[in-house]
Structure formats: structure tokens, C-alpha cells
Amino acid sequence: MLETTIAAIRPADETAMAAARELHGRLTKPAGSLGALEDLSVRLAGLAGACPPPLPEPAAVAIFAGDHGVHAQGVSPWPQEVTGQMIGNFLAGGAVVNAFARQAGASVTVVDVGVATPLPTGPVADPAGSDPAGSDPAGSHPAVLDPAVPRLVVASVRRGTRDFTVTAALTRDEALAAVQTGIRIADELIDAGAGILLTGDMGIGNTTPAAALIAAFTGADPLDATGRGTGIDDPTYAHKVAVVRSALARHSPDPADPLGVLAAVGGLEHAALAGLILGAAARRTPVLLDGVIAVSAALAAAAFAPAAVGAMVAGHRSAEPGATVALRHLGLDPLIDLGLRLGEGTGALLALPVVTGAVRVLHEVATFDSAGVAEK
């Protein structure tokens, strides 16, 4: 599956991009007056191979959840049980991502790809009182793009990664299984009609493997790639940097071998997100990246298939310093910068109207000729 997905990823369509630039020049506005929105719409035309590109709707958020053996090293003040508890909150509709998804009319799919603790049992009703959220084995049913009902997919590869300060976090087969889970979820959501995918994540301690991935793929010093995550004090931060540095020294991950990097120092949600991005790119569907977890996974996706960057839109600039390092390496400019560091897909959801607006301009704004407006 991974090989066929990578083989399906193609560079941007230059003809469609040229047509989008030419159309922008004829719309009733000064040339270049929409700034980055014009560049974004041109990129999306190149991805779709059409001008104008399809409107990026409906939107589907995929939240991949997993736990991390490195949590045992004291890199986060939060107990590991919070990962599973937050899945219950997602399914009940009570998290920030749910509030933002309702505002955007986006569906929420939660994927257990490696949670260490038991998940909430029984159906969980959404706050609007509609039917309970379902729990489907990955691939057994088509995805349902219902903004009112969060959906749980159980696709656990293993119950959390191993401690990468001691051994590799995953075997290559486990990392591959997680990547392929992400590809399957992308296919399910797109087959169900999604016009854009948004990345989400949940996993206590997951900014530590994210920092390791960013340092491995970009060559950045761990001090520059590592942030404070959910908020840690100075001694814990210094320890976290040392943990990342020691893991990289132990494993010497090769950025030319992205599966090996994910196995050595990644997380199951990072690997699955890389798969989601690859799956979207293969289907020529945009994927709106959230924060530092997403962009660390995006580095892996780009290492698998450089042309996959054409499907990526950077939703926001996370307050985590590694996110800026990764975005610079990918050549992506974030759409918004609000100092966010929550994850879940929240920053991507806030950026979604910007993406939609960029495309809607090409669909709906009149040309000088059609509107009878004189040009300069």
C-alpha cells in the first residue's frame, strides 16, 4: 500500500497553476492585492490539476491518538491516562477541537492507533443529543462525514511505543502499519466526499518524539527543535532536550530512510499522520496541517515523497519552536500565527476559512470584462 501510494503522488500541474495566475490577473482587484491567498489558490489549482480548483469542502478532521514509552523519562507533567480520557472528551464533543469543528462544519474522526490505556466503554452521545458516536474497526465501514457525531476508529498497532532512550520506539513493521492506517483513513474520508483533510493528534508526551523527528529530518540541534509542550519548568525542559539528544545519538536515524526514522524515534500518531498526508497527496486532496506534531509527520511524508509537499497547507505557526524549523525545511508559510500550542487540529480548523476563501475567489469574483469595470 505504501509503495503504490507514493507512486501515485505527482508534481503540481503547471498548466493549471498558470491558468490560476492568469485568472487572478483578470479579476476585479489590483494584481497581487490578496497576497498569500493568491499564492495559495495557485498551489491548490496545481494540486487539483484544474482552474479553479474544487472548493475545499466538506472538511474532515482526523485525530490520531497514541502513547509514548519515553513518557517514563519524565518529559511531561501530565499522566499518560489523559490520552484515553481525552478521546472520551472528543467523542462527547467537549474538547476545543469539537467547538472549532462545529463552527467550521467539519467532521471529527478519532483514530486509536496506539493508546496505552483502555478507552471509554460504551457509546458516547454528542452534546446535541443526536445518535451515539460509533466505534468501527479501521476499514470496516465507510467514513461518515457528520459534523454532529464524532467517530471513533479502533486501529491500534500496539499499546504505546517503547521508550526510545532504551530501544527503538517501534519496529519497522509497526511503523509501516501505522503509516498504512493513515493512508486508509485518508482514502475512507475522501471516498466519503471530504474535499480537504485536517490533521489532529492526541498523545501525552508526543512533543518529545516530534522534536526528535524534526531534528532527525532537518539536522537541527535538539535545543532548537524542542519546546515546552504542555508547559514544563526549566529543569524539565533541559531534561527533555537531553532526552532527545541522547535518543538521536543512540539511534543515528538516517533521514533518507523515513520509515527507519519513524521506527527509531517516532510515535504511532506521527507515523499515521505521515500516512494521512501521503494518502491525501496521492488523491490530489489538500491536507491542512495543524501544529508541531503534524509538521514533524509532514517531514516524514516529504522524505517518502517530496512531491507530497504540494498537498500540504500550513494552517498555523505553533508556539513550539520545532514547528518553525520544520516549516522552514518544507518551504511552507503558515496562514495564521496566534501563539497556539494545543494540538488536536485546533489551529488547522481556525485556518480553514482562509483556505476556503482563497479558492472561492477564483470561483466567484467577476473579471473586469464580465463586470464592465475599467482596468488601469
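Below, the structure is looked at part by part. Think of each chain on its own: its residues are numbered from 1, step by step along the sequence as written. Per-residue local features are limited, in this predicted model, to residues with pLDDT of at least 70; the limit for side-chain atom pairs, both in listing and counting, is 80 or more; totals at the level of whole chains, interfaces and linings are taken over all residues. Side-chain measures here rest on the full set of heavy atoms in the structure, leaving out hydrogens and waters.

### Some thoughts on the packing of aromatic side chains
Thinking step 1. Working definition: a ring pair exists when centres of Phe, Tyr or Trp rings (six-membered ring for Trp) sit within 6.5 Å. Plane angles under 30 degrees give stacked, over 60 give edge-to-face, the rest tilted. A complete count under the given rule lists zero aromatic pairs for this structure.
Thinking step 2. Whether a charge lies above a ring is judged from NZ of Lys or CZ of Arg, which has to be within 6 Å of the ring centre and within 35 degrees of the ring normal. Directly above the aromatic system of Y237 lies the positively charged group of R228, at a separation of 4.7 Å from the ring centroid.

### Description of the nonpolar core
Thinking step 1. In terms of nonpolar packing, the biggest core is built from 115 residues, with L197, L198, L276, L288 and M312 touching the most fellow members.
Thinking step 2. We call two residues contacting when some pair of their heavy atoms lies within 4.5 Å. With sequence-adjacent residues up to four places away left out, M312 is seen in contact with R43, I277, V287, L289, A298, A301, A302, L330 and L332.
Thinking step 3. Definition used in this section: a nonpolar core is a set of buried Ala, Val, Leu, Ile, Met, Phe, Trp, Tyr and Cys residues joined via side-chain atoms within 4.5 Å. Each residue gets one of three labels from its accessible area relative to the maximum for its type: buried under 20%, exposed over 50%, partly exposed in between, using a 1.4 Å probe on protein chains only. Among the nonpolar cores identified, the runner-up in size contains nine residues, and L23, V42, A45 and L362 belong to it.

### Points about the packing of helix α5 (residues 96-104) against helix α14 (residues 346-364)
Thinking step 1. With axes taken as lines fitted to C-alpha atoms, and helix axes fitted only over the stretch in contact, angles between N-to-C directions fall between 0 and 180 degrees. In this text, helices come from DSSP runs of H or I with a minimum length of four residues, and strands from runs of E with a minimum of two, each type numbered from the N-terminal end. Where α5 meets α14, the closest approach of the two axes is 9 Å, and the angle between their N-to-C directions is 15 degrees. Of the possible angle classes, the one that applies to α5 and α14 is roughly parallel. The chirality of how α5 crosses α14 is left-handed. Judged by residue contacts, V96, V97, F100, A101, Q103 and A104 of α5 engage T346, L349, L350 and L352 from α14.
Thinking step 2. Its residues assigned to classes, the contact of α5 with α14 comprises eight nonpolar, two polar and no charged. Each angle gets one of four labels, with under 35 degrees taken as roughly parallel, over 145 as roughly antiparallel, 65 to 115 as roughly perpendicular, and the rest as oblique. A crossing counts as left-handed when the near helix is turned anticlockwise from the far one by less than a right angle, and as right-handed when that turn is clockwise. Residues are grouped as follows: Ala, Val, Leu, Ile, Met, Phe, Trp, Tyr, Cys and Pro are nonpolar; Asp, Glu, Lys and Arg are charged; all remaining types, including Gly, are polar.

### With respect to helix α9 (residues 234-251)
Thinking step 1. Given a helix with a known number of residues, its expected span is that number minus one, times 1.5 Å. Across its 18 residues, α9 extends 26 Å between first and last C-alpha, which sits within 8% of the 26 Å expected from 1.5 Å per residue.
Thinking step 2. Turning to α9, its buried residues are Y237, K240, V241, V243, V244, A247 and L248. Taken end-on, α9 shows its buried residues confined to a sector of 155 degrees, consistent with a single buried face. Residues of α9 that are exposed and point over 90 degrees away from its buried face: D234, P235, A249 and R250.
Thinking step 3. On its buried side, α9 packs onto α7 (207-218), α8 (222-225) and α10 (258-265).
Thinking step 4. Count one or two residues on from α9 and you reach S252, which has phi positive near 45 degrees. Taking the helix axis as origin, the arc is that swept by the directions to the C-beta atoms.

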